[in-house]
Number of protein chains: 2
Amino acid sequence: MPKLRQLVNRSDYPPACSQCALRKSDAFSPVSDAQLRYIEAMRSDRIGYSAGSHIKPENQRATALYTLYSGWAFRFKTLSDGRRQILNFLLPGDLIGLQEQFSDGPSHGVDAITEVTLCVFPLTKLWDLFRDHSGLAYSVTWLAAREESNVDENLLSAGRRNASERIAALLLHLHRRATHLGLADLADNGSIAFPLTQSHIADALGLSLIHTNRSLRKLHLAGLHHIEGGRLTILNPKALERLSEYYDQPTRQVPLI
Amino acid sequence: MPKLRQLVNRSDYPPACSQCALRKSDAFSPVSDAQLRYIEAMRSDRIGYSAGSHIKPENQRATALYTLYSGWAFRFKTLSDGRRQILNFLLPGDLIGLQEQFSDGPSHGVDAITEVTLCVFPLTKLWDLFRDHSGLAYSVTWLAAREESNVDENLLSAGRRNASERIAALLLHLHRRATHLGLADLADNGSIAFPLTQSHIADALGLSLIHTNRSLRKLHLAGLHHIEGGRLTILNPKALERLSEYYDQPTRQVPLI
DNA sequence: TATCCACTATAACTTTTGATGTAGGAGACG
DNA sequence: CGTCTCCTACATCAAAAGTTATAGTGGATA
């Protein structure tokens, strides 16, 4: 089911870590030369998946750690009758597969939304990383804690926000993250590429597809946002923030493994 | 608002780490003597809070890391009109305050359900721990990843399970954790002390208090569980598991800081 | 060009969940 | 001992969200 693609010579093929395009963005904390060499040596592979393919099945333990280099993906859980809950969305720089190393069993699946490319790190070397580079170990923990914060926020949405508030919070959250990564088009009102379908949004927010469509349209009609041609524009950020009580916090630089 | 209590000479006052009652339980992974001495030296205090008091306000950064030594607590977020979402419940051995070190701002509050006692570790020493004891650093990350798994499961409940399924999953989850800690009374059908009010359950599952009461009663009438006198008995684990699709996984030993 | 398919849109109707109100029981406390 | 407060129980009504059904749209594909 997961499809590999031929990647070498494509522009989104992850280069040597010293040439990493992500690392050039000031979204990420600088690393020392020694750390960079360690990461490069630890990386065992670079792979790609086509849009919609399964990066990790829900019922199978991860065999590696991945850093998402390009594209969008998501973590999810399902129930036997097909109900699916998206736990959080993964954007470039996010670390994938850490939970599996520590949890009692396989816990969630990971699917690609767009085409994605990944840097691969063998799980067996995680312990070495902790032993050899405490700074990088600290970074791993940082990334884990940050992801938990995202899930916390999603749980607040699913549990206690109504449909419109959930959508407002999600749009702001994703827009903020993409913008922080330098993915916003400043010449187009700060719009971002937005590959999610309404089905993704529904499954992330614990809503039915129909109700998601209804609520999304309501926000659109109120002039709060605009989605067209796979791009999202936030038209009235203040109103969206008031509605969802999801407020922008100045985002610090984040570690990148 | 948070109330300190005089603790010394009480039986639930955390003793020297070498005498730690938790550590004697086989729920926790053994540590080396060196690690134990390091933890003991890192611990700066031991404090207690009375039932219902605020361990950490929602709008204030944590100043320390805590390990819950005795009692039950929970992490939560609220919206301005008072809607509250409980993110997860904290039982003895759980680490508190790690997210704050890495998040961009204060993110959640922590309240005590019962009387609790805590071991205090200065946040400033977290970095030292990573540098000096990679094994303990690995444990910290382990605890963070395990907590995220719990939040993942709660998000699946809030987003995609109906009221009865949510309650079934929560009861099984808490019963399993308490049992793993050796808190079950084997002479009483494996019952556990259960200090949650229906209001806690409602806020953890994203339900109203009334609907929680309705659904809880339905499960009780069906003979699946029994709550009385502050104790929970699981009467029909199989039925609860089928209903919630929440299955027991053999729980490994967990690190304890 | 025609067909298919995934996605979005919308209406009509049902179910679940929430809101409001009221009451009873148990423990805390003066 | 009475009073208070917190928690649980339960009925009634209202609102939010889910279900079913149908159709349009645009890109991919044969």
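Residues numbered from 1 in each chain as written. Chains lettered and ligands numbered in written order. Predicted model: local features only at pLDDT ≥ 70, side-chain atom pairs only at ≥ 80, totals over all residues. Heavy atoms only, no water.

## Observations concerning the relation of the copies chain A and chain B
Between chain A and chain B, the superposition needs a rotation of 180 degrees and an axial shift of 0.0 Å, giving an RMSD of 0.0 Å. Put plainly, the chains are arranged around a two-fold axis. Interface overlap between copies: 100% of the residues of chain A at the interface are likewise at the interface in chain B, consistent with a symmetric, same-surface contact. (Least-squares fit on C-alpha atoms with pLDDT ≥ 70 in both. Contact = heavy atoms within 4.5 Å.)

## Side note on the sheet that holds strand β2 (residues 54–56) of chain A
Residue and element names in this part refer to chain A. Strand order in the open sheet formed by four strands is β2-β7-β4-β5, and the pairing between neighbours is antiparallel. Bordering the open sheet on either side are β2 and β5 (84–90), each of which pairs with just one other strand. Across the sheet, the axes of successive neighbouring strands diverge by a mean angle of 35 degrees, strand direction being ignored. Of the pairings in the sheet, the one linking strand β4 (residues 73–78) to β5 comprises six bridges and is antiparallel in character. Following the sheet pairing, F76 is matched in β5 by I86. Sitting on the sheet, helix α5 (residues 134–160) is in contact with β4 and β5, with an inclination near 135 degrees to β5. (Pairing = 2+ DSSP bridges. Helix = DSSP H or I, 4+ residues; strand = E, 2+ residues; numbered from the N terminus. Axes fitted to C-alpha atoms, helices over the stretch in contact; angles between N-to-C directions.)

## Examining the sheet that holds strand β3 (residues 64–70) of chain B
Residue and element names in this part refer to chain B. The strand order β1-β8-β3-β6 describes an open sheet built from four strands, whose pairing is antiparallel. The sheet is open, and its two edges are formed by β1 (45–49) and β6 (95–96), each paired on a single side. Sheet topology note: the β1/strand β8 (residues 116–122) ladder contains five bridges and is antiparallel. Bridged to D45 within β8 is V120.

## Overview of the domain arrangement of chain A
When the parts of a complex come together, some accessible area is lost, and that lost area is often used as the size of the interface. Residue and element names in this part refer to chain A. Under the domain assignment, chain A is made up of domain 1 (17–133) and domain 2 (156–244). In this complex, domain 1 contributes 15 residues to the contact, which on the side of domain 2 involves 16 residues. Carbon and sulfur atoms supply 68% of the area buried between domain 1 and domain 2, which totals about 1,400 Å² over both sides. Taken together, the connections running from domain 1 to domain 2 amount to two salt bridges. Joining domain 1 to domain 2, the criterion identifies six residue pairs in polar contact (both at pLDDT 80 or more). When residues of the side of domain 1 that touches domain 2 are assigned to their parent elements, the largest contribution, five residues, is made by β5. Along the lines of polarity and charge, the residues of the side of domain 1 that touches domain 2 split into 10 nonpolar, three polar and two charged. (Domains from an automatic or database assignment. Buried area = accessible area lost by both parts, 1.4 Å probe. Salt bridge = Lys/Arg side-chain N within 4 Å of Asp/Glu carboxyl O. Polar contact = N/O pair within 3.5 Å; in protein donor to acceptor, adjacent residues only side chain to side chain. Nonpolar A, V, L, I, M, F, W, Y, C, P; charged D, E, K, R; others polar.)

## Describing the protein's contact with DNA strand D
Taken together, 14 residues lie near DNA strand D, and S208, H211 and R214 of chain A together with Q198 and R217 of chain B sit nearest. Among atoms of DNA strand D positioned within 4 Å of the protein, sugar and phosphate together represent 62%. Between DNA strand D and the protein, one listed contact pairs a phosphate oxygen with a backbone N or O atom of S208 of chain A at 2.9 Å. Within the side chain of H211 of chain A, one N or O atom sits 3.0 Å away from a phosphate oxygen of DNA strand D. Breaking the surface near DNA strand D down by element, the ones donating at least two residues are α8 (209–221) of chain A together with α8 (209–221) of chain B. Residue contributions to the surface near DNA strand D peak at four residues, all from α8 of chain B. (Near = heavy atom within 4 Å.)

## Describing the packing of aromatic side chains
All chains considered together, the criterion is met by 15 aromatic pairs over all chains. Connected via pairs of aromatic rings, a cluster forms that spans F102, W127, F130, Y138 and W142 of chain A together with F102, W127, F130, Y138 and W142 of chain B. (Phe/Tyr/Trp six-rings, centres within 6.5 Å; stacked < 30°, edge-to-face > 60°.)

## Some details on the pattern of salt bridges
Counted by the stated rule, this structure contains 34 salt bridges over all chains. Between E153 of chain A and K77 of chain B there is a salt bridge, with the nearest N and O atoms lying 3.0 Å from each other. With E153 of chain A in helix α5 and K77 of chain B in strand β4 (residues 73–78), the pair connects residues from two separate chains. Residue classification places K77 of chain B among the buried residues on the basis of a relative accessible area of 9%. The partner of D203 of chain A in a salt bridge is R160 of chain B, and the shortest N-O contact between them spans 2.7 Å. In this pair, D203 of chain A is assigned in helix α7 (residues 198–205) and R160 of chain B in helix α5 (residues 134–160), connecting two distinct chains. Taking the relative accessible area as the measure of exposure, D203 of chain A reaches 12% and is therefore buried. Looking at R160 of chain B, the relative accessible area reads 13%, which means it is buried. A network of salt bridges, in which partner residues are shared, links R75 and E147 of chain A together with E148 and D152 of chain B. (Buried < 20%, exposed > 50% of the residue type's maximum accessible area, 1.4 Å probe, protein only.)

## Concerning the protein's contact with DNA strand C
Neighbouring residues of DNA strand C: 14 residues in total, closest Q198 and R217 of chain A together with S208, H211 and R214 of chain B. Among atoms of DNA strand C positioned within 4 Å of the protein, sugar and phosphate together represent 68%. Within the side chain of Q198 of chain A, one N or O atom sits 2.7 Å away from a phosphate oxygen of DNA strand C. The contact in question runs from a phosphate oxygen of DNA strand C to an N or O atom on the side chain of N213 of chain A, over 3.1 Å. Put simply, the parts of the chain that give the surface near DNA strand C at least two residues each are α8 of chain A together with α8 of chain B. No other element matches the four residues that α8 of chain A contributes to the surface near DNA strand C. When its residues are assigned to classes, the surface near DNA strand C shows four nonpolar, seven polar and three charged.

## Digging into the interface of chain A and chain B
On the chain B side, the residues contacting the 60 residues of chain A number 60 residues. Taken as a group, F102, Y138 and R160 of chain A account for 17% of the area that chain A buries against chain B, more than any other trio of residues on that side. For the interface between chain A and chain B, the tally reads 29 residue pairs in polar contact (both at pLDDT 80 or more). A per-element tally of the side of chain A that touches chain B places α5 of chain A first, with 21 residues.

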